[in-house]
Amino acid sequence: MPEPTEDKRHRFDWLIFLFLFLSGFSALVYQISWMKLFRLLFGCSTPATACVLAVFMGGLGVGGIVIGKRADKTKEPLKLFAYLEILIALTAILSLLLFAIGRQIYMATGGSVVLGTVGATLCRIFIAIVVMGLPTFLMGGTLPAAMRYLLIDRDEGRAGVGWGYGLNTVGAVLGTMVTTYYLLEHFGTRSSFVLACVVSALIGAVAYLLPSLEAQAEDNGEAETDDDAGTEKAPRLILLATFVSGFIFFLMELVWYRLLAPLLGGTTFTFGTILAVTLSGIGIGGVLYGLLSQNRRFELNHFAFYCSIQAICLVYPFALGDRIPIFLAFNYPKGATLFIRTIWWCITTSVVILPAAILSGFLFPLLISLLGSGRKSLGHHIGLLNAVNTLGAILGSLAGGFLFLPLLTAPGCWQVSGFILSLLALCVLVASIKENPKRGFSFYTGATLICAILAIIFSTATGPTSTWRYSSVGYFRHNFEKNSPNGIRIAKNNYKRNTILEFEGRESSVGLRIGDNGYNFIVNGKCDGSARADASAQVWTGLLGTLLHPNPQKVFVVGLGTGQTAGWAAQVDTVINVDVAEIEPTIATIAKHFAPVSYTATVNSKVNLMLTDAREILLTTDVSYDVIASEPSNPYRAGIASLYTLEFYREVSSRLTEDGIFLQWLQCYNM
């Protein structure tokens with residue numbers, strides 16, 4: 001790491017960067033563990049997940065603003081950082097107790113079945129705030145406090161922010177990968193969480209024992225007073241750019257997950273890989289900014305240029321379209337070990353996500369540098385932009401999941417995101433020209449125009465089609481002829497022609513395809529049911545439990561699917577009620593097309609469809625069932641680990657009558 005030629009550095013600076021790395025590690029362990037715990041309570045529906053994520057991100061944003069100002073006023077920001085880490089560890093441990101209390105409260109309310117969507121959402125947000133609010137608030141202040149200690153006045157481009165932001169994010173990458181691939185499996189959620197608490201406590205203890213900042217106050221200027229700390233007003237354009245960047249990037253995270261799930265499998269590993277690659281790119285971008293901003297100051301025209309490059313990086317995989325899954329279909333090593341598969345997942349994800357993520361990580365510290373130089377109001381600037389970026393991220397994820405994805409589809413959101421980033425780059429370019437009209441037509445002006453136009457052109461491409469999203473190419477059961485362009489073209493046209501319905505649901509991408517076995521029901525690229533080939537499994541899942549039970553009256557079915565399980569179970573004379581839990585509303589529309597083989601389950605008076613998570617229903621209901629039936633999809637493709645856990649089986653057993661039967665028909669095949 002380059003050293004400044006003036007202004008004294010502290011001999012412990014390298015240790016502070018290490019602290020930031022470890023702080024990022026523990027933060028992601030906290031986040032993943034909290035998400036896991038709340039999924040066991042609220043279920044894994046988009047509304048439930050959105051509540052938890054919004055509280056987590058909101059806590060970081062509010063903490064950044066409040067504690068960022070405090071960091072500007074204190075003479076010992078290093079001790080402030082130490083106090084924050086220690087308090088994070090203590091409040092995080094406390095959150096486990098608060099979660100246990102919140103669990104009992106939520107179960108007592110009856111969940112979304114009793115409270116309804118709005119009531120359940122408010123209850124979830126309240127419980128999440130009680131559990132996570134204080135530790136996430138404290139987390140939001142760690143970066144401003146550490147940067148206030150590390151940065152020197154001579155650092156006009158605020159290169160140190162890039163280094164700190166980048167290393168903090170790289171630590172988050174390690175936290176994501178270690179938690180996803182090792183800690184959760186070998187230690188469990190709570191033990192992994194406690195490990196993160198220990199890391200935070202150690203960071204705080206060591207930071208507290210380091211020398212105070214009295215020497216730095218002499219070298220780098222005293223702390224700001226209440227009158228001058230954070231009094232500058234940030235330009236609206238910079239705030240707008242920060243908001244749009246956060247909005248687009250989190251919207252694209254939803255799009256990437258929807259479009260990569262058919263290629264990678266919608267498992268925990270898929271989510272972890274996408275998150276790790278995204279954070280890796282952001283971390284690399286932050287460090288890259290630290291390298292390029294040494295002894296220089298960026299201006300608005302530089303932001304416009306890099307923003308236009310980010311737009312190209314965002315949409316070039318869209319322009320490649322079906323070439324990506326076809327390449328994978330021909331080159332993916334079938335029957336490979338998990339390690340080899342993970343490498344391929346990372347390669348695929350990196351092609352789609354990494355370049356845009358690198359530019360995102362580069363642009364955030366660049367925006368902070370546009371607000372000022374050196375240490376003056378640094379904590380306020382970091383906290384403010386982080387809060388605005390977080391607000392954009394929260395709105396992007398909520399608007400994307402509930403509005404834009406169902407309305408525009410995932411490819412449509414990808415296109416719109418490319419257009420918006422291109423327009424943002426052009427708007428900032430115009431503002432930079434107005435700010436300094438004497439600059440004239442420069443390299444950055446021309447390059448920004450060219451890149452923005454190219455990004456707009458790429459955004460108008462065909463993009464991913466049903467060959468990518470609803471064919472068997474994702475799990476390598478394709479009909480392509482290698483080295484035969486005409487064979488590939490014919491196969492693609494067949495996939496497009498045979499996919500007769502497509503829905504972008506709240507939870508999944510759902511399609512209906514005509515095949516050799518009649519109608520096939522497609523979820524995130526995988527066939528999860530058909531009118532003929534899967535009929536035996538779907539019908540017997542509904543009938544076998546009722547045949548084994550002496551007097552079945554109440555039946556619970558996990559997942560509607562084609563409706564055959566629920567429909568056939570309802571035909572049993574003694575059965576008076578069949579409750580069906582379905583997490584994706586659009587599947588009810590698909591199931592109507594299977595009416596001839598499901599005894600019209602969707603309009604059967606005995607069948608009660610509940611559009612919520614099965615785990616939440618079983619956890620909060622006081623109803624006991626004679627038969628509980630479930631046919632989960634292949635675990636590798638569908639990622640059912642969050643549902644079918646030991647706790648789930650305990651919840652199932654507690655909802656069975658004395659002679660009750662739990663029947664699970666599990667599909668497994670080698671990938």
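Remember, predicted model here, so these are calculated numbers, not experimental data. (Residues numbered from 1 in each chain as written. Predicted model: local features only at pLDDT ≥ 70, side-chain atom pairs only at ≥ 80, totals over all residues. Heavy atoms only, no water.)

### Some points on the side chain of Thr448
Then step 1. Inspection of the secondary structure assignment puts Thr448 in helix H15 (residues 443-459).
Then step 2. A distance of 2.6 Å separates a polar side-chain atom of Thr448 from the backbone oxygen of Tyr444.
Then step 3. The residues touching Thr448, leaving out its near neighbours within four places in the chain, are Asn301, Ala304, Phe305, Ser308, Ala425 and Leu429. (Helix = DSSP H or I, 4+ residues; strand = E, 2+ residues; numbered from the N terminus. Polar contact = N/O pair within 3.5 Å; in protein donor to acceptor, adjacent residues only side chain to side chain. Contact = heavy atoms within 4.5 Å.)

### Quick look at the pattern of salt bridges
Any two side chains of opposite charge can pair, given that their charged atoms come close.
Then step 1. If you walk through the whole model with that rule in mind, you get 6 salt bridges.
Then step 2. We note a salt bridge from Glu504 to Arg258, for which the minimum N-O separation is 2.8 Å. With Glu504 in strand S1 (residues 499-504) and Arg258 in helix H9 (residues 236-264), this residue pair connects regions lying 246 residues apart in the sequence. Each member of the pair, Glu504 together with Arg258, is buried. (Salt bridge = Lys/Arg side-chain N within 4 Å of Asp/Glu carboxyl O. Buried < 20%, exposed > 50% of the residue type's maximum accessible area, 1.4 Å probe, protein only.)

### Thoughts on unusual backbone geometry
Then step 1. Positive phi, normally seen in glycine, also occurs at Thr409, with a value near 70°.
Then step 2. Mapped onto the elements of the fold, Thr409 is located in helix H14 (residues 378-435).
Then step 3. Even without being glycine, Tyr599 reaches a positive phi, approximately 55°.
Then step 4. When you line up the elements, Tyr599 lands in the loop between helix H21 (595-598) and strand S7 (607-610).

### Description of the side chain of Arg124
Then step 1. With respect to the helices, strands and loops of the structure, Arg124 is situated in helix H4 (residues 111-139).
Then step 2. With sequence-adjacent residues up to four places away left out, Arg124 is seen in contact with Phe42, Pro47, Ala48, Cys51, Tyr106, Ser112 and Glu616.

### What to know about the pairing of S1
Residues in a regular strand point their side chains to alternate faces of the sheet.
Then step 1. Pairing of S1 with strand S2 (residues 509-515) involves 5 bridges; the strand directions are antiparallel. Paired with Glu504 across the bridge in S2 is Ser509.
Then step 2. If you look at the hairpin formed by S1 and S2, you'll find 4 residues sitting between the two strands. (Pairing = 2+ DSSP bridges.)

### Remarks on the confidence of the model for the protein chain
Then step 1. Mean pLDDT over the protein chain works out to 84, with 87% of the residues at or above the 70 mark.
Then step 2. Element-level pLDDT for the protein chain is lowest in helix H8 (residues 214-220), with a mean of 43, against a maximum mean of 94 in helix H11 (residues 300-320).
Then step 3. Counting contacts from residues 213-221, a segment whose pLDDT is below 50, to residues more than four positions away or on other chains yields 25 contacts. (pLDDT = per-residue confidence, 0-100.)

### As for the packing of aromatic side chains
For any two aromatic rings, the description comes down to two numbers: the centre-to-centre distance and the angle of the planes.
Then step 1. Going through the model one piece at a time under the given rule, you end up with 27 aromatic pairs.
Then step 2. Relative to Tyr625, the ring of Phe556 has its centre 5.2 Å away and its plane inclined at 50°; by these criteria the two rings are tilted. Separated by 69 residues along the polypeptide, Phe556 in strand S5 (residues 554-558) and Tyr625 in strand S8 (residues 625-630) bring together distant segments of the chain.
Then step 3. Judged by relative accessible area, Tyr625 falls into the buried class, the value being 1%. (Phe/Tyr/Trp six-rings, centres within 6.5 Å; stacked < 30°, edge-to-face > 60°.)

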